[in-house]
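What follows is each chain in one-letter form.
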Amino acid sequence: MSQKYLLFAALAALIGNSPIVSAHELGAHVHGVATLQIAVDEKNMTLYFSSPLDNLLGFEHLPRDAKQKSAVKNMADNLNKAEQLFIPTAEAQCTLQSVKLDSLVLDQKKDSQHREESGGHADLDGEFVFACKQTGKLHDLEVKLFDTFPNLHQMKVEVATLKKQASAKLTPDQRRASW
Ligand SMILES: [Zn+2]
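This paragraph deals with the state of the cysteines. Following the criterion strictly, the structure yields one disulfide and no others. Two residues, Cys 94 and Cys 132, share a disulfide whose sulfurs are 2.1 Å apart. Between Cys 94 and Cys 132 the sulfur-sulfur dihedral comes to about 105 degrees; the bridge is accordingly right-handed. With Cys 94 in strand S4 (residues 94–102) and Cys 132 in strand S5 (residues 123–132), this residue pair connects regions lying 38 residues apart in the sequence. With respect to burial, Cys 94 and Cys 132 carry one shared label: buried.

Looking at the metal site, the zinc ion is ligated by His 29 (NE2), His 31 (NE2), Glu 60 (OE), Glu 60 (OE) and His 121 (ND1), spaced 1.9 to 2.7 Å from it. Written as a sequence motif, the donor residues of the zinc ion are H-x1-H-x28-E-x60-H. Overall, the relative accessible area of 29% leaves His 29 in the partly exposed class.

With that settled, consider the pairing of S5. When you tally the buried positions in S5, you get seven out of ten residues, the bulk of the element. In terms of strand pairing, S4 meets S5 through eight bridges, oriented antiparallel. The residue bridging Val 99 from the neighbouring strand is Phe 128, located in S5.

In space, the three strands of this open sheet follow the order S3-S6-S9, with antiparallel pairing throughout. Edge positions in the sheet fall to strand S3 (86–88) and strand S9 (176–178), since each of these pairs with one other strand and no more. The mean inter-strand angle of the sheet, taken between neighbouring strand axes irrespective of direction, is 20 degrees.

Reading the values: the criteria
- Within any chain, residue numbers begin from 1 and follow the written order of that chain's sequence.
- Local features are withheld for residues below a pLDDT of 70 in this predicted model, meaning they are given only at 70 or higher, and side-chain atom pairs are given and counted only at 80 or more; totals for whole chains, interfaces and linings count all residues.
- Excluding hydrogens and water, the side-chain figures rest on all heavy atoms present in the structure.
- In this description, the term disulfide denotes a pair of cysteine sulfurs within 2.5 Å.
- Segments assigned H or I by DSSP are reported as helices when at least four residues long, segments assigned E as strands when at least two residues long, and all are numbered from the N terminus.
- Accessibility here uses a 1.4 Å probe with only protein chains present; expressed as a share of the type maximum, an area under 20% marks a residue as buried, one over 50% as exposed, and anything in between as partly exposed.
- For Na, K and Ca the donor cut-off is 3.2 Å, while for other metals it is 2.8 Å, and in both cases only N, O and S atoms qualify; water is not among them, so sites may look incomplete.
- A pair of strands counts as paired when DSSP detects no fewer than two bridges linking them.
- Lines fitted to C-alpha atoms define the axes here, with helix axes fitted over just the stretch in contact, and angles between the N-to-C directions of these axes take values from 0 to 180 degrees.

What follows is the structure, encoded as structure tokens:
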């Protein structure tokens, strides 16, 4: 299990449920499908997002021309405005604290290693941390990625809070995960 999913796994273990599926199992590379893990602890809601680049860019290699470079920049700009893409329960009073994005299109040093490992496919991973004044009132999340990224058709969601776990499958017609 990768480092970044440890918080999610720790929360799941804390509430005594069966072992959570690993990020890898949850996030098999299927075009059109992305995954989102929502971890809620006493103060924060942390979102772990993983998507094939094809959903976000329409290609999965380093940008080769000005148009593709601008597509990469637009994608990063959109994801950095995560407070417009992920809308938590208003009463929880959450505010975006940090965004981390990880992908070969954002870090060219990863490219040569990646080519040998993945058969030409590539993902984007994102970590979004929201601080919430009232995490007890946090019970849903609306996801607005489908408008921004029309190649994205489905999002598999797993939720772990201090009290429970839940899962959901979001689509352009069902954009809200509840728990
Ligand atoms: Zn792919």
